[in-house]
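One letter stands for each residue in the lines below.
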Amino acid sequence: YKEFENIILETKGSISTITINRPHVMNALCKGLHNDIVEALDIIRKDQSIRVLILTGGKKAFVAGADIKEMMEADSFEAERTASQAHFTNDFIEALPIPVIAAICGPALGGGCEIAMACDFRIAGEKAMFGLPETGLGVIPGAGGTQRLVTLVGPVKAKEMVMAGKVIRGKEAFDTGLVTMCVSDDEVMNEATRLAEKLCEKPAAALQYAKAAINHAVENGISTGKKYEKSLFSLCFETEDQKEGMKAFVEKRPPLFNHK
Ligand code: CO8
């Protein structure tokens, strides 16, 4: 891949990793960083051999939020542009047809917590910090944070974090349902890789449809979601992996998926 200014994109086998790389500002999200992430997501989207994406900020920080220095003089028009760009990145992650795992060490604050919440899985280190401290800066979360946080942890905890600005660590984030797993900081990448490998064993179409159906439930509620799920369920029967998966079960052997 080309050299990006603000991220590192690597692919090993079927697993790609985007490592956010602005260590001097704790990986704060500037315009260029958003552009780099979107460009990398587009490369990943077009490459059908990539089956899982891991998004990480490395060992010290996930993302310490939007770049406050870039934002401080903005008027409402510029702020709308900034928020739209951040929404675009997060929605792109959510719509990616493969699973996305956030591997989180250190601060995931503001826009960083928002980007993590757009991922399908969050593996947090014990010292990871989650929070939406925007009200303390005189603003509110602007990249989907109020909405995604409520669906993940409910309004009681969401109000404590957004209105009172409470920051929580990895273990509490796990207890409240904000993250998939909390492990020691040293184990975060290993655990994310283990999960990625497990997901790679699953048939691609079934994973893609399952993600779409669950996201649909969150966005649109259950009643239209059930119809959507039914059509995706039937679509699975167009795949070779459905035939293989069920045949293998009946024949009492492990399935040999070819992701078609
Ligand atoms: N923006 C710009 N610079 C930052 C940011 C940030 N969000 N966070 C840290 N930095 C910089 C610091 O200014 C400092 O730079 P310098 O060395 O030049 O002084 C460097 O990173 C290291 O930071 P600290 O010295 O503060 O390190 P600590 O370990 O003491 O603290 C913290 C780390 C806890 C992460 C602390 O830096 C902090 O609280 N940062 C701000 C967190 C925050 O408020 N985030 C929310 C920002 S607002 C937001 O995200 C709105 C989203 C809206 C929509 C999305 C649009 C993209």
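Residues numbered from 1 in each chain as written. Predicted model: local features only at pLDDT ≥ 70, side-chain atom pairs only at ≥ 80, totals over all residues. Heavy atoms only, no water.

**Details of the overall build of the protein**
Right, so step 1: Per the secondary structure count, the protein includes 10 helices and nine strands.
Right, so step 2: Viewed in the frame of its principal axes, the protein has a C-alpha envelope of about 65 × 45 × 35 Å.
Right, so step 3: By the burial criterion, 45% of the 260 residues in the protein qualify as buried.
Right, so step 4: When the accessible surface of the protein is summed, it comes to about 14,000 Å², and 58% of that surface belongs to carbon and sulfur atoms. (Helix = DSSP H or I, 4+ residues; strand = E, 2+ residues; numbered from the N terminus. Buried < 20%, exposed > 50% of the residue type's maximum accessible area, 1.4 Å probe, protein only. Areas by Shrake-Rupley, 256 points an atom, 1.4 Å probe, with all protein chains shown as cover.)

**Some thoughts on the sheet that holds strand β7 (residues 129-131)**
What links the strands of a sheet is backbone hydrogen bonding, and the strands pair in either a parallel or an antiparallel sense.
Right, so step 1: The strand order across the open sheet built from three strands is β5-β7-β8, with neighbouring strands paired in mixed fashion. The open sheet has two edge strands with one neighbour each: β5 (107-109) and β8 (168-169). (Pairing = 2+ DSSP bridges.)

**Here's the deal with the pattern of salt bridges**
Right, so step 1: All told, the structure shown has 17 salt bridges when counted by the stated rule.
Right, so step 2: When the shortest N-O distance is used, the salt bridge between D120 and K211 registers 2.8 Å. Of this pair, D120 sits in the loop between α4 (111-117) and β6 (121-125) while K211 sits in helix α8 (residues 204-220), placing them 91 residues apart in sequence.
Right, so step 3: When salt bridges that share partners are traced, they join K157, E160, K166 and E172 into one network. (Salt bridge = Lys/Arg side-chain N within 4 Å of Asp/Glu carboxyl O.)

**What to know about the site of the ligand**
Right, so step 1: Looking at the ligand, there are 24 residues lining it, with V25, A64, A66, I68 and G111 nearest.
Right, so step 2: Contact between the ligand and A64: a nitrogen atom at 3.0 Å from a main-chain N or O atom of the residue.
Right, so step 3: I68 is positioned with one of its backbone polar atoms (N or O) 2.9 Å from a nitrogen atom of the ligand.
Right, so step 4: Broken down by secondary-structure element, the contributors of at least two residues to the shell around the ligand are α2 (68-71), α3 (76-95), β5 and α4.
Right, so step 5: Counting residues per element, the shell around the ligand draws most heavily on α2, which supplies three residues.
Right, so step 6: Considered class by class, the residues forming the shell around the ligand number 13 nonpolar, seven polar and four charged. (Near = heavy atom within 4 Å. Polar contact = N/O pair within 3.5 Å; in protein donor to acceptor, adjacent residues only side chain to side chain. Nonpolar A, V, L, I, M, F, W, Y, C, P; charged D, E, K, R; others polar.)

**Some thoughts on helix α1 (residues 31-46)**
Right, so step 1: In a regular helix each residue adds 1.5 Å, so 16 residues correspond to 22 Å; α1 covers 23 Å between its end C-alpha atoms and thus fits that length.
Right, so step 2: The elements touched by buried residues of α1 are β1 (7-12), β2 (15-20), β3 (52-56), α3 and α4. (Expected span 1.5 Å × (residues − 1). Contact = heavy atoms within 4.5 Å.)

**So, the packing of aromatic side chains**
Right, so step 1: In the structure shown here, the tally under the stated rule is two aromatic pairs.
Right, so step 2: Taking the centre distance of 6.1 Å and the plane angle of 70 degrees together, the rings of F88 and F92 count as edge-to-face. One end of the pair, F88, and the other, F92, are both in helix α3, four residues apart, so they sit about a helical turn from each other.
Right, so step 3: We classify F88 as exposed; its relative accessible area is 52%.
Right, so step 4: Take F92: its relative accessible area is 14%, and that puts it in the buried class.
Right, so step 5: Taking 5.1 Å as the distance between ring centres and 65 degrees as the angle between the ring planes, the aromatic pair formed by F233 and F237 counts as edge-to-face. (Phe/Tyr/Trp six-rings, centres within 6.5 Å; stacked < 30°, edge-to-face > 60°.)

**Some words on the nonpolar core**
Right, so step 1: Counting 45 residues, the largest nonpolar core has I18, F62, F130, L149 and L178 as the members making the most contacts within it.
Right, so step 2: Counting residues per element, the ones that place at least two in this core are β1, β2, α1, β3, α3, β4 (100-104), α4 and α5 (145-162).
Right, so step 3: Tallying contributions element by element places α1 first for this core, with six residues.
Right, so step 4: Setting aside its immediate chain neighbours within four residues, L178 contacts M117, R122, F130, L149, L152, V153, M161, I168 and A173.
Right, so step 5: I15, I123, L195 and A196 belong to the second-largest nonpolar core, a separate cluster that totals 15 residues. (Core = buried A, V, L, I, M, F, W, Y, C linked by side-chain atoms within 4.5 Å.)

**Things to note about the side chain of H34**
Right, so step 1: Relative to the helices and strands, H34 resides in helix α1.
Right, so step 2: Accessibility expressed as a relative area gives 5% for H34, which makes it buried.
Right, so step 3: Setting aside chain neighbours within four positions, we find H34 in contact with L29, Q85, A86 and T89.

**Regarding the packing of α1 against α3**
Any two packed helices are characterised by the angle at which their axes cross and by the distance between the axes.
Right, so step 1: The interhelical angle for the contact between α1 and α3, taken along N-to-C directions, is 25 degrees, at an axis separation of 10 Å. Classified by the angle their axes make, α1 and α3 are roughly parallel. Relative to α3, the crossing made by α1 is left-handed. Counting all contacts with α1, which are made through K31, H34, N35, I37, V38, L41, D42 and R45, the residues of α3 involved are Q85, A86, F88, T89, F92 and I93.
Right, so step 2: Along the lines of polarity and charge, the residues of the contact of α1 with α3 split into seven nonpolar, four polar and three charged. (Axes fitted to C-alpha atoms, helices over the stretch in contact; angles between N-to-C directions. Parallel < 35°, antiparallel > 145°, perpendicular 65-115°, else oblique. Left-handed = near helix turned anticlockwise from the far one by under 90°.)

**A look at the pairing of β1**
Right, so step 1: In this sheet, β2 lies alongside β1 in antiparallel orientation, the contact comprising six bridges. Residue pairing across strands places K12 opposite I15, the latter belonging to β2.
Right, so step 2: Here β1 folds back onto β2 in antiparallel fashion, the turn holding two residues, of which G13 has a positive phi close to 60 degrees.

Everything listed is a geometric property; what it means functionally is a separate question.
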